[in-house]
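# Survey of secondary and tertiary structure
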Amino acid sequence: NFRHLHPTTFRDWLVANVIRSFSSGLLQTPRPVSCGVRCRELHAGEERPTPSPTAAPERRPFSRVTPEDMAFFSKIIPGRTITDPDILEASNVDWLKSVRGFSEVLLRPQTTEEVSQILGYCNSRNLAVSPQGGNTGLVGGSVPVYDEIILSTALMNNVLNFDSVSGILSCQAGCVLENLSLYLEDRDYIMPLDLGAKGSCHIGGNVATNAGGLRLLRYGSLRGTVLGLEVVLADGRVLDCLATLRKDNTGYDLKQLFIGSEGTLGVITAVTILCPRKPKAVNVAFLGCESFEQLLQTFQLCRGMLGEILSAFEFLDRECMRLLNTHLKLANPITDCPFYIVIETSGSNPTHDEEKLHQFLEEAMTSSQVIDGTVATEEAKIKALWSLRERVTEALTHDGFTYKYDISLPVERIYQLVTDMREHLGNRAKSVVGYGHVGDGNLHLNITSPTKDPDLLASIEPFVYEWTARFQGSISAEHGLGLKKRNYIYYSKASLAVALMGNIKIMLDPKGILNPYKTLPDDLQ
């Protein structure tokens, strides 16, 4: 543990060793890190440390909260310093109910100044902090691991400004994504981001994890649509990069450091984001294919014929549909097929868009790429078709304990991983399903078992990461690394790149108080 060294000394040591390793050829292959010490998890209703391959390191020597600390917090945010165990329970447990911490303090600031005072104090006292938005993460990144103070953005939920000419929205980080969508719809605009968890996730958390969502194909990633950020650093300083300009080449684009950093470098308190106009015409087609090869051919045809109006191209397999039918009683609107596609078009001319969609469907059916399908133009029917894609995650929660993997691969390889995993696991898994975003090569691989099964997990990992690395994929396409995936980062990033991430962490958070045990591997914690 080198944390007792001065940050500069540690940084010099780290860089020197990275360079030495590079020179000796040690950085040519990914090197997964062995983890596996202790973790607080939900286990049959009982709280106890259990061995886990994704467990956190032993608790680092952060200070523990004292009555004096509580008095300070109560003075800064009176009435919003929470110690009630019943309220804390929800903030200590992740959405999947797979990881829990045991924080005894939940802070709910309302302003950037309050966040600044809290972090400045915590840094001076060496108190660890777990930033938390809507707590909808899937990799254990949004809850404490041990007794970190939970810093919630839930009350930072104000829209600061909206420019109806440029479509630029400025808001606090705690705004719920769906609320922002409703706000913009009244003004003839939409959010460029749409997620299944939109009813509870926060825009600050979306940015902190660089969430992708259903319409990245049309509107791009948050790295392109986020124009500016306001961030409070570990020592309480406020970094104001809340720009509203689409073009600014004055030096380094610092906001990019915090997009996808999962709260390890700073706490995002406000966002400016470029929003597109609300489309006048929306159509959704739900189609069936006999093979994944036909699905890919349909995707190529779709891009060529629908072009500028194509806003989403999603897929799910037969196993997903079975789970939707079994657990949620959602009916399949078309013939039973091995693969299903959800295609959405969004445009400004209903007649033009319907004509293009009709021509595309006629060509796809004539060429036998698609064997059945249905189209919706009314809002209720559109929502019904989208629910078949958006509610797969919900259906999986009813199927047993779920192992979730968020993988990015060359498009032609996406489903091969699902097929190979089924063959690899045999009858050891209850279900192995695949669904996701064909337009950006993002596969959501999910594996269920009746109960949590360490032997099954050992068969899945690191097989899934080795397979992904073999085809130059990413082990995390949009959910981040959090607690669960941090030690597998070397399968997607070169050791020198990971070491530089460690340097950035030390520079911005030398005491390591922000979201410890997350994102970076254990050898850099």
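What you see is a predicted model; the values in this text were computed from it and never measured. Here, residues in each chain are numbered from 1, in the same order as that chain's written sequence. Thresholds applied to this predicted model are a pLDDT of at least 70 for local features of residues and 80 or more for the giving and counting of side-chain atom pairs; totals over whole chains, interfaces and linings are not thresholded and use all residues. Computation of side-chain values covers all heavy atoms of the structure but excludes hydrogens and water.

## Remarks on helix H4 (residues 112–125)
Convention followed: Segments assigned H or I by DSSP are reported as helices when at least four residues long, segments assigned E as strands when at least two residues long, and all are numbered from the N terminus. The span one expects for a helix is its residue count, reduced by one, times 1.5 Å. When a residue's accessible area, from a 1.4 Å probe over protein chains only, is under 20% of the maximum for its type it is buried; when over 50% it is exposed; and in between it is partly exposed.
Taking 1.5 Å per residue as the helical rise, H4 with its 14 residues ought to reach 20 Å, and the 20 Å between its terminal C-alpha atoms agrees with that figure. Of the positions making up H4, those classed as buried are Thr112, Glu114, Val115, Ser116, Ile118, Leu119, Tyr121, Cys122 and Asn123. Positive phi appears at asparagine 126, one or two residues downstream of H4, with a value of about 60 degrees.

## Notes on helix H15 (residues 414–425)
Which entries qualify depends on this criterion: This arc is built from the directions going out from the helix axis to the C-beta atoms.
Buried residues of H15: Ile414, Tyr415, Leu417, Val418, Met421 and Leu425, and no others. Relative to the axis of H15, the buried residues are bounded by an arc of 150 degrees and lie together on one face. Note on H15: the residue one or two positions beyond its end, glycine 426, has a positive phi of about 60 degrees.

## Here's the deal with the sheet that holds strand E13 (residues 310–317)
Selection criterion: Here, a strand pair is defined by DSSP locating no fewer than two bridges between the strands. The axes are straight lines fitted to the C-alpha atoms, using for helices just the contacting stretch, and the angles between their N-to-C directions are given from 0 to 180°. For this analysis, residues touch if any pair of their heavy atoms sits within 4.5 Å.
Pairing is antiparallel across the open sheet formed by seven strands, whose spatial order is E15-E12-E14-E13-E17-E18-E16. Only two strands of the sheet have a single partner each, and these edge strands are strand E15 (372–376) and strand E16 (401–408). Ignoring strand direction, the axes of neighbouring strands in this sheet form an average angle of 15 degrees. Here strand E12 (residues 281–289) pairs with strand E14 (residues 339–347) via nine bridges, running antiparallel. Its bridge partner being in E14, valine 282 is matched across the sheet by serine 346. With respect to the sheet, helix H11 (residues 318–328) is in contact with E12, E13, E14 and strand E17 (431–437), its orientation differing from that of E17 by roughly 105 degrees.

## Some points on the nonpolar core
Put simply, the rule reads: To qualify as a nonpolar core, a set must consist of buried Ala, Val, Leu, Ile, Met, Phe, Trp, Tyr and Cys residues joined through side-chain atoms within 4.5 Å.
The biggest cluster of nonpolar side chains holds 53 residues, and the ones touching the most others in it are Leu295, Ile343, Phe360, Tyr405, Leu445 and Ile447. Ranked by the residues each element gives to this core, the list is headed by helix H10 (residues 292–306), at seven residues. Apart from residues no more than four positions distant in its own chain, leucine 445 is found in contact with Tyr403, Lys404, Tyr405, Leu417, Val418, Met421, Val432, Val433 and Val464.

## Looking at the pattern of salt bridges
Pairs may arise between side chains of opposite charge once their charged atoms sit close together. Heads up, the condition is: Whenever Lys or Arg places a side-chain nitrogen within 4 Å of a carboxyl oxygen from Asp or Glu, that contact is recorded as a salt bridge.
A complete count under the given rule lists 22 salt bridges for this structure. Across the salt bridge formed by lysine 430 and aspartate 399, the nearest N and O atoms sit 3.7 Å from each other. Taken as a pair, lysine 430 in the loop between H15 and E17 and aspartate 399 in the loop between helix H14 (392–397) and E16 lie far apart in primary sequence, 31 residues in all. The exposure class of aspartate 399 is buried, given its relative accessible area of 3%. Through salt bridges with shared partners, one network takes in Asp194, Lys198, Arg215 and Glu344.

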